[in-house]
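Each chain, written out:
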Amino acid sequence: MFRTPLAIWLVLVAALVAGSAMATTTTVPAWSLIPQPAVLQPAASGAVRVADGDRVVVEANGNQGAYGIARRFVARMAATRGLHLRVHATGGHGRIVFHLDPTVDIQPKASYRIDIGQGQIRVSAHTLRGLFYGGVTLGQLLTPDAGHGAVRVADGSVIDHPRFAWRGFMLDSARHFQSVADIKKMIDWMALHKLDVLHWHLTDDQGWRLQIKRYPKLTTIGACRKVIGPDAALTGGPDKPYCGFYTQDQVRELVRYAAQRFITIVPEIEIPGHAQAAIAAYPELGVTGRRPEVSTDWGINAWLYAPDQRSLHFLENVLDEVMALFPSRYIHVGGDEAYKAQWKASPEVRARLKQLGLKDMDALQGWMIDRIGAYLDAHGRTLIGWDEILSGGSLPKSAVVMSWHGVSGAVKAAEAGHDAILSPSPVLYLDHVQSSAHDEPPARPSVESLKDVYMFNPSPAGLTSIQANHILGVQANLWTEYMPTFARDQFAVFPRMAAWAEVAWSPAAAIDWSSFIRRMPAQLARYQALGIRYADSAWAPRFTLARQGDDIQVALSNQTGQGEIRYTTDGSTPTPHSSAYTQALELPANKTTMLRAATFTDAGQLLAAPRTRHIDAASLLTRNSDQLATCTQQIPLRIEDDRPLHGSRPVYKVDIGNTCWLWKNAPLDGVRAITLRVGNLPWNYKIPYVFDSVVARPQATPGGEIDVHLDTCDGPRIARLPLAGAAKSMLQTTLEATLPELHGMHTLCLFATGDPRKGTIRVIDTVRLSHAKP
Ligand code: ACM
């Protein structure tokens with residue numbers, strides 16, 4: 001009798017406390033800024049409230065650029081927070097002031113400062129660029145959470161400047177291209193991270209994407225290729241080519257759009273390799289006299305421009321149009337992965353080498369790059385190339401080296417007196433997965449997590465301070481072999497852009513992972529408001545299963561350890577009120593439980609979308625390809641099936657150099673059967689120096705088979721599953737075989753026979769063991 005009223009009373013008190021706290025809240029959200037500014041000076045107390053109808057005043061002596069910056073800031077606040085401010089060109093009291101003045105009293109090196117207090121927020125800068133960055137920071141001050149409308153900003157000052165001048169992002173539009181509208185979105189989002197260079201990879205073996213008026217075949221022929229695997233879903237069918245390029249008008253529009261956001265577009269025209277699409281258009285530019293197709297192979301192709309006057313003349317003409325389109329001081333000319341087999345085989349090229357008195361083919365590439373560098377120099381531009389340009393031996397001092405072989409290229413470049421940009425593989429290569437989970441989209445398998453990117457140190461060890469001054473900055477690269485759509489691009493880029501933007505902008509002393517990750521929920525809320533389809537891999541719940549008597553023990557975790565994992569077992573979607581995960585769950589093995597889990601902040605903001613696992617005894621006996629190891633690491637990839645044409649397609653982890661997988665510690669007690677789900681993929685790889693080492697195994701039956709061996713790949717064969725039936729299907733096929741009586745835990749080695757280079761790779765999607773015979 002007594003209990004119930006007390007319980008109700010407690011609930012009422014709790015509701016009253018919560019209600020009054022909400023009505024009279026005095027907590028002002030902490031500043032949550034990315035990249036972290038150089039100097040933060042929060043006041044002890046006080047806040048400025050910004051609400052609908054507040055005035056934004058521009059004090060800039062009528063400078064139209066400043067007015068444009070304020071207008072775009074106001075539009076962004078309306079679109080992303082539903083906060084409707086009014087811009088005034090000048091005069092009167094503003095809740096917010098944008099103040100442009102070359103003589104305003106801020107440190108000369110500061111980009112901008114923001115002063116918050118006495119009912120006003122004042123952004124001051126010497127330059128339009130500084131004013132723009134101040135506006136970006138102010139936008140973040142006004143979006144500290146996922147809320148809408150009015151917001152309180154804690155008093156204090158922010159004084160800021162970048163650590164590095166080059167804060168780059170490389171977009172590969174050759175392998176897969178993006179629409180002009182989507183590139184504009186990417187430029188907007190880069191600007192909101194204070195990035196300032198869009199390195200645009202426009203030409204490669206698989207497509208030439210830039211209109212060059214003097215050479216129309218570069219785009220009538222070079223911008224079209226036959227589809228590669230899943231491209232058929234984009235073009236409408238396997239017989240419809242993949243074609244597209246940017247007109248010069250579109251390029252001018254993008255250059256203008258980027259400049260308005262203080263981003264320089266640096267074009268890349270690849271020389272002398274990655275030139276197959278150009279040579280498909282103009283075969284006389286190559287050394288064989290033959291016309292290749294525009295490449296349908298990922299990897300490294302052998303078609304190089306001939307190192308002669310004709311190619312140089314062509315390239316100079318192309319660069320004339322490139323320089324007319326792109327005002328950038330820097331022009332990137334590639335230089336990477338120029339595999340010299342065709343040059344070495346050509347009597348003309350060998351004669352040229354001799355005539356020029358050069359020691360080897362690398363020196364001949366150096367001669368070509370040197371000639372192009374001199375041409376750019378004569379036109380007031382500066383050459384950039386990938387770090388292979390250092391191997392030619394004759395690089396002009398003015399050339400800038402982009403280091404992708406780790407940071408070693410930058411160290412060598414700086415030692416030789418060149419400026420350098422750090423864009424090391426693999427950590428800043430965004431075509432790598434962000435976690436080892438099976439729900440990651442196709443990408444290269446070594447994990448480069450949000451934290452890995454954040455912890456990248458842009459101060460290579462061993463440089464003197466003079467050499468360190470040669471490091472211009474940091475760049476991350478998005479290669480798009482496995483990014484056919486803009487949705488995939490976004491997933492690969494975000495939220496990792498937040499991490500490398502902070503590395504590139506913030507002072508070394510401000511780099512602090514625990515601080516960064518605390519600032520991420522606000523950033524994710526901004527991404528949502530902007531419509532960015534970011535990866536939630538850093539917060540996604542992951543399931544670890546173990547047998548525990550009659551139960552299955554399930555541990556839940558996430559990559560960063562941030563947030564609260566909440567779960568349901570009744571099939572419903574987890575909410576901030578679902579059970580919080582605190583210790584391993586014990587679920588029955590003899591029935592199937594649908595376990596769903598999602599990650600939330602304390603405030604109930606969703607950090608990771610729900611993940612679902614069906615848990616029962618069979619789940620311990622099943623592995624997908626991501627849960628298997630590859631036997632070797634020749635060319636491990638996570639690639640997508642080319643079928644079904646529409647809808648989601650399976651993704652497989654496979655070493656395309658050796659289609660062989662290991663299930664380590666498979667529990668084999670009482671197991672009597674094995675079931676495989678397998679797929680067929682087209683072979684679209686040409687990687688010269690590994691092509692010859694691709695493992696081909698003899699086939700025992702006409703369609704080949706998957707063989708299963710015990711303990712090692714040379715151990716006893718315990719099953720053979722013929723693929724003849726599977727070979728007839730473009731979709732997945734299920735194969736079954738009985739197993740001999742086995743005991744204990746053993747490694748299973750599973751490999752496909754046959755030679756994938758003949759056209760088809762056989763891949764394993766899942767392996768399932770069962771106690772019943774099929
Ligand atoms: C490169 O990744 N080939 C620069």
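Note that the structure is predicted; figures quoted are calculated from it, not measured.

**Some thoughts on the overall build of the protein chain**
- Of regular secondary structure, the protein chain possesses 20 helices and 39 strands.
- For the protein chain, the C-alpha radius of gyration of 29 Å lies close to 28 Å, the compact-globule estimate for 774 residues.
- For the protein chain, the C-alpha atoms occupy an extent of roughly 95 × 85 × 50 Å along the three principal directions.
- Across the 774 residues of the protein chain, 57% fall into the buried class.

**Details of the nonpolar core**
- Counting residues in hydrophobic clusters, the biggest one holds 153 residues, and the most contacted among them are Leu142, Phe169 and Trp500.
- Among the nonpolar cores identified, the runner-up in size contains 45 residues, and Val678, Leu723, Ile761 and Leu769 belong to it.

**Here we look at the pairing of strand 4 (residues 96-100)**
- Burial within strand 4 is extensive, with 5 of its 5 residues counted as buried.
- Sheet topology note: the strand 2 (residues 55-59)/strand 4 ladder contains 4 bridges and is parallel. For Val57, the partnering residue across the bridge sits in strand 4 and is Val97.

**Structural notes on helix 13 (residues 408-415)**
- Taken residue by residue, helix 13 has Gly409, Ala410, Val411, Ala413 and Ala414 as its buried positions.
- Of the residues trailing helix 13, Gly417 is marked for its positive phi of about 90 degrees.

**Concerning the sheet that holds strand 8 (residues 166-172)**
- The 8 strands lie next to each other as 8-9-14-16-17-18-19-20, forming a closed barrel whose pairing is parallel. Neighbour-to-neighbour, the strand axes of this sheet turn through a mean angle of 25 degrees, independent of strand direction.
- As paired strands, strand 9 (residues 197-201) and strand 14 (residues 264-271) are joined by 5 bridges and run parallel to one another. What sits directly across from Val197, in strand 14, is Thr264.

**As for unusual backbone geometry**
- Pro35 follows Ile34 through a cis peptide bond whose omega is -5 degrees.
- Position of Pro35 relative to the elements: it lies in the loop between helix 1 (3-23) and strand 1 (39-50).
- Here Arg643 and Pro644 are connected by a cis peptide whose omega angle stands at 0 degrees.
- Within the element layout of this structure, Pro644 appears in the loop between strand 30 (636-640) and strand 31 (651-655).
- Even without being a glycine, Phe262 presents a positive backbone phi close to 65 degrees.
- Despite not being glycine, Asp711 has its phi angle at roughly 75 degrees, a positive value.

**Structural notes on the state of the cysteines**
- Across all of its chains, the model carries 3 disulfides by this definition.
- At a sulfur-sulfur separation of 1.8 Å, the disulfide partner of Cys224 is Cys243. Where Cys224 bonds to Cys243 through sulfur, the torsion about that S-S bond is close to 110 degrees, and the disulfide is right-handed. Of the two residues, Cys224 is situated in strand 12 (residues 224-225) and Cys243 in strand 13 (residues 242-243); the sequence distance between them amounts to 19 residues.
- Overall, Cys224 belongs to the partly exposed group, its relative accessible area being 26%.
- With relative accessibility at 34%, the residue Cys243 sits in the partly exposed group.
- A sulfur-sulfur separation of 2.1 Å characterises the disulfide bridge that pairs Cys713 with Cys749. As the torsion about the S-S bond is roughly 100 degrees, the Cys713-Cys749 disulfide counts as right-handed.

**As for the pattern of salt bridges**
- Overall, the coordinates contain 30 salt bridges when judged by the stated rule.
- Here Asp196 ties to Arg167 by a salt bridge, and the two come within 3.5 Å at their closest N and O atoms. Taken together, the residues span a long stretch of sequence, with Asp196 in the loop between helix 4 (180-191) and strand 9 and Arg167 in strand 8 at a distance of 29 residues. Accessibility classification places Asp196 together with Arg167 in one group, the buried group.

**Some thoughts on the packing of helix 17 (residues 496-505) against helix 18 (residues 513-530)**
- Contact geometry for helix 17 and helix 18: axes closest at 10 Å, N-to-C directions at 125 degrees. The orientation of helix 17 with respect to helix 18, classified from their angle, is oblique. For helix 17 against helix 18, the interelement crossing comes out right-handed. Contacts from Ala498, Ala499 and Glu502 of helix 17 reach helix 18 at Phe516, Arg519, Met520, Gln523 and Tyr527.

**A few points about the sheet that holds strand 36 (residues 717-722)**
- Spatial ordering of the open sheet is given by 29-32-38-35-36, a layout of 5 strands whose pairing is antiparallel. For this open sheet the edge positions go to strand 29 (629-630) and strand 36, each flanked by a neighbour on one side alone.
- Across 5 bridges, strand 35 (residues 705-710) lies against strand 36 in antiparallel orientation. Across the sheet, Val708 pairs through a bridge with Ala719, a residue of strand 36.

**Overview of the side chain of Ser157**
- Checked against the element boundaries, Ser157 lands in strand 7 (residues 151-160).
- A distance of 2.6 Å separates a polar atom in the side chain of Ser157 from a polar atom in the side chain of Asp115.
- The contact partners of Ser157, leaving out residues within four places of it in the chain, are Trp31, Val39, Leu40, Gln41, Arg113, Ile114 and Asp115.

**As for helix 3 (residues 128-141)**
- Between its terminal C-alpha atoms helix 3 stretches 20 Å, which fits the 20 Å expected from 14 residues at 1.5 Å a residue.
- Where helix 3 is concerned, the buried positions are Gly130, Leu131, Phe132, Tyr133, Gly134, Gly135, Val136, Thr137, Leu138, Gly139, Gln140 and Leu141.

**Some remarks on the packing of helix 4 against helix 7 (residues 248-260)**
- Here helix 4 crosses helix 7 at 15 degrees, and the two axes come no closer than 10 Å. Regarding the angle of helix 4 to helix 7, the classification is roughly parallel. Judged by the twist between their axes, the crossing of helix 4 over helix 7 is right-handed. Residue-level inspection shows Val180, Ile183, Lys184, Ile187 and Asp188 of helix 4 in contact with helix 7, the latter providing Gln250, Glu253, Leu254, Tyr257 and Ala258.
- The residue makeup of the contact of helix 4 with helix 7, split by class, is 6 nonpolar, 1 polar and 3 charged.

Calculation notes
- Along each chain, residue indices are assigned from 1 in the same order as the chain's sequence is written.
- Given that the model is predicted, a residue must reach a pLDDT of at least 70 before its local features are reported, and side-chain atom pairs must reach 80 or more before they are shown or counted; all residues, however, enter totals for whole chains, interfaces and linings.
- Note that water and hydrogens are dropped before the side-chain values are worked out from all heavy atoms of the structure.
- For helices the rule is a DSSP run of H or I covering at least 4 residues; for strands it is a run of E covering at least 2, with both sets numbered from the N terminus onward.
- Every radius of gyration here is taken over C-alpha atoms, with the globule rule written as 2.2 Å times N^0.38, N being the number of residues.
- Residue burial is assigned from relative accessible area. The probe radius is 1.4 Å, only protein chains are included, and a residue is buried under 20% of its type maximum, exposed over 50%, and partly exposed in between.
- Here the nonpolar core consists of buried residues drawn from Ala, Val, Leu, Ile, Met, Phe, Trp, Tyr and Cys, with membership extended through side-chain atoms lying within 4.5 Å.
- Only when DSSP finds a minimum of two bridges between them are two strands counted as paired.
- The convention used is that axes are lines fitted to C-alpha atoms, helices contributing only their stretch in contact, and that angles between N-to-C directions extend from 0 to 180 degrees.
- Here, two cysteine sulfur atoms that lie within 2.5 Å of each other are counted as a disulfide.
- In what follows, salt bridge is the name for a side-chain nitrogen of Lys or Arg lying within 4 Å of a carboxyl oxygen of Asp or Glu.
- The scheme is simple: roughly parallel for angles under 35 degrees, roughly antiparallel for over 145, roughly perpendicular for 65 to 115, oblique for anything else.
- In this scheme the handedness of a crossing depends on how the near helix is turned from the far one: anticlockwise by less than a right angle means left-handed, clockwise means right-handed.
- Here, residues are in contact when the closest pair of their heavy atoms is within 4.5 Å.
- Two N or O atoms form a polar contact when they lie within 3.5 Å of each other; inside protein one atom must be a possible hydrogen donor and the other a possible acceptor, and for residues adjacent in sequence the pair counts only when both atoms belong to side chains.
- The length a helix should cover is 1.5 Å for every residue beyond the first.
- Any residue that is not Ala, Val, Leu, Ile, Met, Phe, Trp, Tyr, Cys, Pro, Asp, Glu, Lys or Arg is counted as polar, Gly included; the first ten are nonpolar and the last four charged.

Note that all results are geometric; they support no functional claim without further evidence.
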